[in-house]
Amino acid sequence: MIHPGLVSITFRKLSPAEIVALVRKAGLRGIEWGGDIHVPHGDIARAREVAAMTQEAGLHVAAYGSYYRAGWSETNGLPFKQVLDSALELGAPTIRVWPGNKGSADVGESGRWEVIEDLRRIAGLAAQVGVTISTEFHGGTLTDTNESANQLLVEVDHPNLFTYWQPHNGEETAECVAGLRAVASRVSNVHVFHWWPTSADRHPLAEGAARWAEFLRELKALSGERFAMLEFVKGDDPDMFLRDAATLAEWLR
């Protein structure tokens, strides 16, 4: 089952209360709360407040969208304990982390293994308290290509490590589908948008219907439950979000 949701950083200028109200208006079911603005890492009081606000609105905390970068953050000012403590207070079932701070072509073997070992470490720590770890599927990290993303899951080889999925910018539909199939057994959540051909070219989600029909066909065949969450909209416009949310809900029906 796939549930519709929103990534809170879509609207960094809005307060958590405004985001909750917007998600309710859109008829979506969950929110991935971002760790940079809305639920800052280590701010336990804010995490508690946002958790209560989300639950009282009848919504789910889909994930904690952290900005922890495996192999880098622990020694550069962001201890994973802060991230984990916030996720627990928020009631997040999974923590989204970034697999490194460089693309796969720019990281040597030793740098890649630093990321792998840190992912293994934090996956183990999170497992002890019933939270999973999910890697972002994104450029500028070790999931910037389909091959590297799949290889990373094999290399870390930890049962508590999963991955998000989203189409890589500029990647043709068939290649996206091949990448999705390669990691399908470990996909937790999905970020949904229609950018083409670059991230600067945002379009209404409805214009991506042909591509997303292919993606959702694959995702709906998977077992378990996950969220498909809108991430950014054309013009950062709440009205555009409401239209995209209606499109997403229709696709999932």
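Calculation notes
- Residues numbered from 1 in each chain as written.
- Predicted model: local features only at pLDDT ≥ 70, side-chain atom pairs only at ≥ 80, totals over all residues.
- Heavy atoms only, no water.
- Helix = DSSP H or I, 4+ residues; strand = E, 2+ residues; numbered from the N terminus.
- Buried < 20%, exposed > 50% of the residue type's maximum accessible area, 1.4 Å probe, protein only.
- Polar contact = N/O pair within 3.5 Å; in protein donor to acceptor, adjacent residues only side chain to side chain.
- Contact = heavy atoms within 4.5 Å.
- Arc of directions from axis to C-beta.

Side note on the side chain of H168
Stage number 1. Summarising the element assignment, H168 is placed in the loop between β6 (161-165) and α6 (173-183).
Stage number 2. When its relative accessible area of 9% is taken as the criterion, H168 is described as buried.
Stage number 3. At a separation of 3.5 Å, a polar atom in the side chain of H168 contacts the main-chain carbonyl oxygen of D144.
Stage number 4. Once residues within four sequence positions are removed from consideration, H168 is found in contact with F137, H138, T143, D144, T145, N146 and C176.

Digging into helix α1 (residues 16-26)
Stage number 1. All of the buried residues along α1 are P16, I19, V20, L22, V23 and A26. Along the axis of α1, the buried positions cluster into a sector of 165°, meaning they face one direction only. Along α1, the residues that are exposed and aim more than 90 degrees away from the buried face are R24 and K25.
Stage number 2. Buried residues in α1 make contact with β1 (2-7), β2 (30-34), α2 (44-56) and α8 (238-252).

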